[in-house]
Amino acid sequence: MRFGFRVTVLEGRKRAGGRVYTKKMEGGNRLCAAADLGGSVLTGTLGNPLGIVARQLGELLHKVRDKCPLYCVDGRPVDPDMDVKVESAFNRLLDKASRLRQLMGEVSVDVSLGAALETFRQVFKDGVSDEEMNLFNWHLANLEYANAGLLSHLSLAFWDQDDPYDMGGDHCFLPGGNGKLVQALAENVPILYEKTVHTIRYSGDGVQVIAGSQAFEGDMALCTVPLGVLKKGSIKFIPELPQRKLDGIKRLGFGLLNKVAMLFPHVFWEMDLDTFGHLNDDSSRRGEFFLFYSYATVAGGPLLIALVAGEAAHKFESMPPTDAVTRVLQILKGIYEPKGIVVPEPIQTVCTRWGSDPFCFGSYSNVAVGASGDDYDILAESVGDGRLFFAGEATTRRYPATMHGAFLSGLREAANMAHHANIRTLKMKVDKAPSNAHSCASLLADLFREPDIEFGSFSVIFARKNTDPKSPAILRLQSHFNQQQQLHVYTLLSRQQVLDLREVRGGDEMRLNYLCEKLGVKLVGRKGLGMNADSVIDSIKAERGNRKPVSTSLALKPGVSSKLKAGIMKRKLIRRAKVVRKSNGSINVGSAIKVSEEVKITDHVLPDVPVSGNYFIRKK
């Protein structure tokens, strides 16, 4: 919108935010609390754009404190020494798994993290107590929570490929919930709610997005539906998405995390902590209510949230809410009643069902067996020649499964869409106003009548006021077909590269070889120079308008005749030229230049097809 686009957001839900959902929970005596049922933790504040947005809103973030006591199945606190011992053993197993994948090389792509850990766990099981095994399983559940996926589904090779890009700093809660961020970002944005999109058509002319019986047309569309929706095939793309993108959608994993939020009449748990954990004696249920978040300090009321991860998260989808709440209360009573603390009945409870939610079908992405970080990049690719774009946490290789990753992907695609729109606008201007292209070429020809540097068949212009060796210069190569026709091709170089090129020995052929092979430069027609050259031309024109003409001979090396060198280059080209007439009416002049025989080549009608190595210039 700030780029000047007219934007319409089609939202399937009755609210904005998607998997970021802050629900207001209320009870008697004016009790209320803000419960984050989806994304809840800002994972790192250093460089986190959502942390910046929060500060812009005047919000103070609450650091999630490190203290996290664990409780046994029967509610007893876990022995601190045993806790340290098992955590150390767990971390050693992860290190072993990391070394194993290095030894396995590419084979590790087809092996799960769970299979590797299970192999080492068999060794760990020898001589350990049931309580230690329960504690070990708790750490596995915590790992499945972090990845929203079963360990048996996570790629041994790439499950942690985004670790190097973790935001530094504290993990934080936003008091009042992350809905505040959504509300601020959605302000003044035209959002149409309860518009469930089922078809997206895209072509070189634009897009058509169909929701129910309504069709919305635009120049471009940005698709931000979760990976779960793409996997489910809920939206029909016409034409079908490229196979490369379909394969990426299939390979990436999309996991599940569920929550039970409970508003109590008062706080009965410790207020000096934000988290505490509970062990389970059934490994298949290790993720069931394994971790509790205390939101009493940030939600505005006595709120506890229990997490359900791993295999238990999937079973939870079909568990009756009353059974879930009863099970959570049993755990809480087992922990606090032995301390003489009465656990009251909750005033209000909410159970999430993210896996069966038709607008997401899960929680967040992970790198499954067979997938890699490349698949995030593939999901981010636009299709339809810059008409249909994709954003969301599953499109960011560095920050997947995070709120800030989703936000950054939106900024990325806003830039991409503006870029493609600008390209199309420029192309339309060129197509509609060919005289403008002629005038630009004519201006360039005028400027090259007084080049700043000349050597051989090359001439160069640049803004003299900018003495930086890295400042841009426009280089022109002039070639002769016969006495009447000349060919001018151009490229952008730095002034230092121009000086280096001038010093190349062996004449223009060696310089041309240096340009193409050493610098990897493409020589193009005037239109091929693009917008970067336009700014250089404008600055040179403005500068020359304020100074007197200078003799180009000042830029030449002593004793070197530009006419002589041009003549040498001309003779060399003619000697090498072998004219071959093709059936399509074109003429090949040696292996160097291909042009259409009907076109008289002049400086202002050259096309914008790049020239590299063997020149290839085509005029339609």
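This one's a predicted model, so the numbers in the text were calculated from it and none came from an experiment.

Caption draft 1: Quick peek at the side chain of Asn366. Checked against the element boundaries, Asn366 lands in strand 20 (residues 365-366). By relative accessible area, which is 6% here, Asn366 ends up buried. A polar side-chain atom of Asn366 sits 3.2 Å from the main-chain carbonyl oxygen of Ala148. Those residues in contact with Asn366 that sit more than four places away from it in its chain are Asn147, Ala148, Gly149, Leu154, Leu252, Gly253, Phe254, Gly255 and Tyr376.

Caption draft 2: Summary view of the pattern of salt bridges. What the rule picks out here adds up to 28 salt bridges. A salt bridge links Asp170 to Lys63; its shortest N-O distance comes to 4.0 Å. One end of the pair, Asp170, is in the loop between helix 4 (130-147) and strand 7 (171-173); the other, Lys63, is in strand 5 (residues 62-63), and 107 residues separate them in sequence. For Asp170, a relative accessible area of 35% translates into the label partly exposed. Since its relative accessible area comes to 39%, Lys63 is described here as partly exposed.

Caption draft 3: A look at the environment of Val308. Note that Val308 resides in strand 18 (residues 303-308). Each C-alpha atom, one on Val308 and one on Arg285, is 9.2 Å from the other, the two residues being 23 residues apart in sequence. With near-sequence residues (within four places) excluded, Val308 lies in contact with Leu257, Asn258, Gly287, Glu288, Phe289, Ala313 and Phe316.

Caption draft 4: Expanded view of the packing of aromatic side chains. Scanning the entire structure with this criterion turns up 17 aromatic pairs. With a centroid separation of 4.9 Å and an interplanar angle of 90°, the aromatic rings of Phe268 and Trp269 are classed as edge-to-face. Since its relative accessible area comes to 6%, Phe268 is described here as buried. The buried category is assigned to Trp269, whose relative accessible area is 5%. Geometrically, the ring pair formed by Phe276 and Phe292 is stacked, given 4.9 Å between the ring centres and 5° between the ring planes. Placement of Phe276 in strand 16 (residues 275-278) and of Phe292 in strand 17 (residues 288-294) is noted, with a sequence separation of 16 residues between them. Using a relative accessible area of 1% as the deciding quantity, one classes Phe276 as buried. On the accessibility criterion, Phe292 (0% relative accessible area) is buried. An aromatic cluster is built from Tyr71, Phe264, Phe268, Trp269, Phe276, Phe292 and Tyr336, whose rings are joined through pairwise contacts. Positioned above the aromatic ring of Phe390 is the side chain of Lys245, whose terminal nitrogen or guanidinium carbon lies 4.2 Å from the ring centre. Against the face of Phe316 rests Arg353, its NZ or CZ located 4.7 Å from the ring centre.

Caption draft 5: A look at the sheet that holds strand 13 (residues 236-238). The strand order across the open sheet built from four strands is 11-10-9-13, with neighbouring strands paired in mixed fashion. On the outer flanks of this sheet lie strand 11 (214-218) and strand 13, each paired with one strand and no other. When strand polarity is set aside, the average angle formed by the axes of neighbouring strands in this sheet is 15°. Of the pairings in the sheet, the one linking strand 9 (residues 197-203) to strand 10 (residues 206-211) comprises six bridges and is antiparallel in character. Each residue of the ladder has a partner; that of Ser203, found in strand 10, is Gly206.

So, how was this worked out
Residues numbered from 1 in each chain as written. Predicted model: local features only at pLDDT ≥ 70, side-chain atom pairs only at ≥ 80, totals over all residues. Heavy atoms only, no water. Helix = DSSP H or I, 4+ residues; strand = E, 2+ residues; numbered from the N terminus. Buried < 20%, exposed > 50% of the residue type's maximum accessible area, 1.4 Å probe, protein only. Polar contact = N/O pair within 3.5 Å; in protein donor to acceptor, adjacent residues only side chain to side chain. Contact = heavy atoms within 4.5 Å. Salt bridge = Lys/Arg side-chain N within 4 Å of Asp/Glu carboxyl O. Phe/Tyr/Trp six-rings, centres within 6.5 Å; stacked < 30°, edge-to-face > 60°. Lys NZ or Arg CZ within 6 Å of the ring centre and 35° of its normal. Pairing = 2+ DSSP bridges. Axes fitted to C-alpha atoms, helices over the stretch in contact; angles between N-to-C directions.

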